[in-house]
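Descriptive structure summary
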Amino acid sequence: ITVYAVDAETVYGSSFTAFSAACDDLFGSDTIEDIAGITFLCDYDAGDDAGEYPITVSGGSNANYIIGYLAGTLTVTPKEITVTADDKTAVYGDASIAYSFTASGLVAGDSAAMLGTPDYDCDRILPGGGGVPWDALLLPHFRRFPRKRE
């Protein structure tokens with residue numbers, strides 16, 4: 001028979017120890033629980049990178065069966081985080097604004113610095129909630145017309 005590690009999934013930063021095995025070709029009313037001493041090995045620790053890690057299974061025994069083993073896969077999916085641009089205030093004529101952000105949901109000793117420098121797209125918020133693209137914040141072009149002399 002072939003005992004195989006059941007594929008599993010966890011999220012980056014989470015630990016995982018709930019490995020399980022299965023076998024599709026047991027006889028009669030025998031179940032996987034009738035295979036004693038099954039052990040698992042997976043080289044994943046909480047905080048390891050997202051990706052795929054092999055799950056090996058071994059050590060099972062039952063006098064009625066010759067046992068072979070088939071590895072499974074632990075898939076570690078990326079964790080969703082929230083990145084929020086920090087509020088900023090600028091005075092007209094400022095050469096530049098030092099944009100910054102806050103990241104929440106980071107795990108495993110990760111820091112916002114590891115995210116690199118994001119691209120910022122800024123709109124000016126006018127009183128009443130209207131927005132003007134930041135690159136349009138130049139003074140409007142006023143045109144003065146001479147008065148007609150009467």
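Residues numbered from 1 in each chain as written. Predicted model: local features only at pLDDT ≥ 70, side-chain atom pairs only at ≥ 80, totals over all residues. Heavy atoms only, no water.

1. Here we look at the overall build of the protein
Defined as follows: Helix and strand definitions follow DSSP, with helices as H or I runs of at least four residues and strands as E runs of at least two, each counted in order from the N terminus. Buried residues are those whose accessible area, probed at 1.4 Å on protein chains only, stays under 20% of the maximum for their type, while exposed residues exceed 50% and partly exposed ones sit between those limits. Here, two residues are considered to be in contact whenever any of their heavy atoms come within 4.5 Å of each other.
Along the backbone of the protein there are 0 helices and 11 strands. Along its sequence from the N terminus, the protein presents helices and strands in the succession β-β-β-β-β-β-β-β-β-β-β. The burial tally for the protein puts 19% of its 150 residues in the buried class. Taking all contacts inside the protein whose residues are at least 6 apart in sequence as the whole, residues at least 24 apart take part in 46%.

2. Here's the deal with the environment of tyrosine 65
Rule in force here: What qualifies as a polar contact is a pair of N or O atoms within 3.5 Å, subject to a donor-acceptor requirement within protein and to the restriction that residues adjacent in sequence count only when both atoms come from side chains.
By the secondary structure assignment, tyrosine 65 is in the loop between β5 (51–58) and β6 (68–70). We classify tyrosine 65 as buried; its relative accessible area is 15%. Between the alpha carbons of tyrosine 65 and phenylalanine 27 there is a distance of 9.4 Å; along the sequence they are 38 residues apart. Filtering out sequence-adjacent residues up to four positions away, tyrosine 65 remains in contact with Ile1, Leu26, Phe27, Asp30 and Ile35. Side-chain polar atoms of tyrosine 65 contact the backbone nitrogen of phenylalanine 27, separated by 2.9 Å.

3. What to know about the nonpolar core
In plain terms, the rule: Residue types Ala, Val, Leu, Ile, Met, Phe, Trp, Tyr and Cys, when buried and joined through side-chain atoms within 4.5 Å, form a set referred to as a nonpolar core.
Formed by 19 residues in total, the largest nonpolar core has its most connected members in Val3 and Leu74. At the level of secondary structure, the elements contributing two or more residues to this core comprise β1 (2–5), β5 and β7 (72–77). Ranked by residues supplied to this core, first place goes to β5 with 3 residues. When residues no more than four places from it in sequence are discounted, the contact partners of leucine 74 are Ala8, Glu9, Thr10, Phe16, Cys42, Tyr44, Gly51, Glu52, Tyr53 and Ile55.

4. A closer look at the side chain of asparagine 62
Along the chain, asparagine 62 turns up in the loop between β5 and β6. For asparagine 62, a relative accessible area of 17% gives the class buried. A distance of 2.8 Å separates the side chain of asparagine 62 from the backbone oxygen of aspartate 34, its partner in a polar contact. Each residue touching asparagine 62, except ones within four places of it in the same chain, is listed here: Asp34, Ile35 and Ile67.

5. Quick look at the sheet that holds strand β4 (residues 39–42)
Our working rule: Two strands qualify as a pair provided DSSP detects at least 2 bridges between them. Helix axes are fitted only over the stretch in contact, all axes being lines through C-alpha atoms; the angle between N-to-C directions runs from 0 to 180 degrees.
One open sheet holds the 4 strands; their spatial order is β2-β7-β5-β4, and the pairing between them is mixed. Every other strand in the sheet has two partners, leaving β2 (8–11) and β4 as the edge strands with one partner each. Recorded for the sheet is a direction-independent mean angle of 25° between the axes of neighbouring strands.

6. Comments concerning the sheet that holds strand β3 (residues 21–22)
The strand order β3-β1-β6 describes an open sheet built from 3 strands, whose pairing is mixed. Here the strands that pair on one side only, and so sit at the sheet edges, are β3 and β6. Across 3 bridges, the pairing between β1 and β6 is parallel. Looking at the pairing, threonine 2 lines up with glycine 68 of β6.

7. Concerning the environment of aspartate 34
Of note, aspartate 34 is situated in the loop between β3 and β4. Taking relative accessible area as the criterion, aspartate 34 reaches 36% and is therefore assigned partly exposed. The sequence separation of aspartate 34 and glycine 60 amounts to 26 residues, and the corresponding C-alpha distance is 9.3 Å. If near-sequence neighbours (up to four positions away) are discounted, aspartate 34 is found in contact with Ser29, Ser61 and Asn62. One polar contact links the side chain of aspartate 34 to the main-chain amide nitrogen of threonine 31, over a distance of 2.8 Å.

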